Amino acid sequence: PSPCVRLLPEVAEALRLGRPVVALESTIVAHGMPYPQNLELAKDVSQILRSKGVVPATIAIKDGVFKAGLHPDEMINLAKAGE
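The structure contained in this document is the topic of the report that follows. (Residues numbered from 1 in each chain as written. Predicted model: local features only at pLDDT ≥ 70, side-chain atom pairs only at ≥ 80, totals over all residues. Heavy atoms only, no water.)

**Describing the layout of surface pockets**
Empty space within the largest pocket amounts to approximately 270 Å³. S46, R50, L70, P72 and M75 are, among the 16 residues lining the largest pocket, the residues nearest its centre. Per-element accounting of the lining of the largest pocket gives the leading share, five residues, to helix α3 (residues 37–51). Split into classes, the residues belonging to the lining of the largest pocket amount to nine nonpolar, four polar and three charged. Each pocket or cavity is described by its volume, and for the second largest pocket that value is around 200 Å³. Looking at the second largest pocket, the residues that line it are A60, I61, K62, K67, L70, E74, N77, L78 and A81. Looking at the lining of the second largest pocket, the elements that each hand over two or more residues are β3 (55–62) and α4 (72–80). For the lining of the second largest pocket, the residue count by class is five nonpolar, one polar and three charged. (1 Å grid on protein atoms, 1.4 Å probe; cavity = no way out; pocket = protein on both sides within 12 Å on 5 of 7 lines; lining within 4 Å. Points joined across faces, edges and corners; volume = space filled by probe spheres on them. Helix = DSSP H or I, 4+ residues; strand = E, 2+ residues; numbered from the N terminus. Nonpolar A, V, L, I, M, F, W, Y, C, P; charged D, E, K, R; others polar.)

Following this line, the structure appears as structure tokens:
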């Protein structure tokens, strides 16, 4: 894997197994809604996807690294970035 790309282990495993993965754009979390509503929306959408057997993968570029799937602390930092 390239050092410029990081897949959350859950996302990598789903892709390896051929399970469905949905890429979720991070813009609405970072810039589209105020905190904490943005974080709650992201959690709600992820929960809906998981209930359908789909792995959510919020995508973002941070410090030059493309990330597919964010750790919870990364989501919080992203959600608070627009404050």
